[in-house]
2 protein chains.
Amino acid sequence: MAAEEFLLDRQLCFRLYTASRLLTQAYHPLLSAQGLTYPQYLVLLVLWEKDAQPVNDIAKRLLLETNTVTPLLKRMEAEGILTRRKGEKDARQMIVSLTPKGKNLQKELKDVPATVGSAVLCKEVTPETVPGLFTTLDGIIGQLSNKQHEF
Amino acid sequence: MAAEEFLLDRQLCFRLYTASRLLTQAYHPLLSAQGLTYPQYLVLLVLWEKDAQPVNDIAKRLLLETNTVTPLLKRMEAEGILTRRKGEKDARQMIVSLTPKGKNLQKELKDVPATVGSAVLCKEVTPETVPGLFTTLDGIIGQLSNKQHEF
DNA sequence: CTTATTTGTATCGTTCACGATGCAAAGATA
DNA sequence: TATCTTTGCATCGTGAACGATACAAATAAG
């Protein structure tokens with residue numbers, strides 16, 4: 001009944017969607033042990049690279065909208081992981097900074113990248129094939145975030 | 001401040017997560033024109049391949065839990081896209097079947113795969129590179145869905 | 001034939017995603 | 001200076017995801 005182009009096994013998006021969900025699930029036990037979710041972990045990665053950033057910079061880095069990031073940051077603030085204060089130069093900005101607890105989480109989580117990395121290793125995913133995968137995914141992301149593709 | 005392994009640009013998961021979100025967003029204008037969401041479109045792909053399946057079979061095919069699929073199916077039932085009826089052989093099952101409206105959606109959506117497909121084409125994503133990408137993603141999915149990886 | 005276990009769905013609560021909208025501060029224009 | 005536009009963030013509503021839990025039908029064990 002289904003035409004060729006509708007076969008689930010031919011869909012790139014379904015594969016990306018599934019791989020993304022399953023890999024996020026792999027992070028779950030490691031992160032929830034520290035009371036974190038995966039998107040919250042991404043915020044930590046951004047702030048560990050550069051502390052004290054406005055909401056907008058964090059959102060842009062993660063390619064998310066502020067209406068996704070704002071509630072996320074509020075929950076993390078309630079957990080004592082970070083603080084949010086009005087910008088001094090620009091009063092519209094909210095500057096997000098790590099608390100000592102937020103900075104310390106890096107030590108608690110130091111084995112996470114390697115642990116998850118080893119979980120995906122298999123015949124098709126090796127230190128040799130990953131760089132190519134990165135390049136391809138970056139191509140997709142670049143193409144779609146350009147919005148030059150609008151129909 | 002951040003150690004090498006925590007750099008956002010080195011994370012496979014962030015790339016998958018972002019590529020998945022952006023590609024799903026690319027579907028949005030095409031699907032919402034028919035009142036559909038992307039996960040609902042996936043359910044249609046499954047049912048177009050084989051009509052009248054129990055909830056569990058649909059969930060397994062999509063690698064989702066029934067607690068995700070059940071509400072989704074109920075919304076689609078409310079839209080008149082499909083019907084849910086108790087199984088005759090096994091009264092625990094709910095057999096999901098397409099309505100004429102659900103079957104007709106395939107015609108309305110026939111250009112969707114090609115349209116989205118063309119949206120991702122770029123230097124890094126070509127008819128030559130996509131099969132390799134499929135293989136790698138299938139490897140990741142196979143590895144993680146096996147649950148042999150449990151920490 | 002009971003009782004125990006497994007299986008198939010559903011319900012509930014929390015946290016994203018994200019379109020739509022609101023609003024105040026900052027910057028541009030008249 | 002007064003008005004207009006843009007920018008940065010927030011609020012709201014809806015629909016996923018998913019862990020935890022509940023429950024009835026089917027199956028297995030006694």
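Look up a bit, the structure's there.
The notes below deal with the structure included here. (Residues numbered from 1 in each chain as written. Chains lettered and ligands numbered in written order. Predicted model: local features only at pLDDT ≥ 70, side-chain atom pairs only at ≥ 80, totals over all residues. Heavy atoms only, no water.)

1. Topic: the side chain of B:Ser20
How we decide: Segments assigned H or I by DSSP are reported as helices when at least four residues long, segments assigned E as strands when at least two residues long, and all are numbered from the N terminus. Should any heavy atoms of two residues lie within 4.5 Å, those residues are considered in contact.
Mapped onto the elements of the fold, B:Ser20 is located in helix α1 (residues 12–32). Among residues more than four places away in sequence, those in contact with B:Ser20 are A:Leu16, A:Tyr17 and A:Ser20.

2. Examining the sheet that holds strand β3 (residues 94–98) of chain A
Residue and element names in this part refer to chain A. Counted only if it meets this: Only strands that DSSP links by at least two bridges are regarded as paired with each other. Every axis corresponds to a line fitted to the C-alpha atoms, with the helix fit spanning only the stretch in contact, and the corresponding angles, defined between N-to-C directions, vary from 0 to 180 degrees.
What the three strands build is an open sheet, ordered β1-β3-β2; its pairing is antiparallel. The two strands at the open ends of the sheet, each matched to only one other strand, are β1 (53–54) and β2 (82–86). Across two bridges, the pairing between β1 and β3 is antiparallel. Residue pairing for β3: Gln 53 is matched across the bridge by Val 96. Packing of helix α4 (residues 66–78) onto the sheet brings it into contact with β2 and β3, and relative to β2 it is tilted by some 120°.

3. Concerning the interface of chain B and chain A
Rules: Accessible area, probed at 1.4 Å, shrinks when two parts are joined; the buried area is that loss added up over both. A side-chain nitrogen of Lys or Arg and a carboxyl oxygen of Asp or Glu constitute a salt bridge if their distance falls within 4 Å.
Contacts between chain B and chain A engage 65 residues on the former and 65 residues on the latter. Buried area between chain B and chain A, both sides added, is near 6600 Å², and the carbon and sulfur share of it is 74%. Notably, a salt bridge pairs A:Arg61 with B:Asp9, separated by 3.7 Å at the nearest N-O pair. Every element with two or more residues in the side of chain B that touches chain A is listed here: α1, α2 (38–49), α3 (55–62), α5 (100–108), α6 (112–120) and α7 (130–145) of chain B. Tallying contributions element by element places α1(B) first for the side of chain B that touches chain A, with 17 residues.

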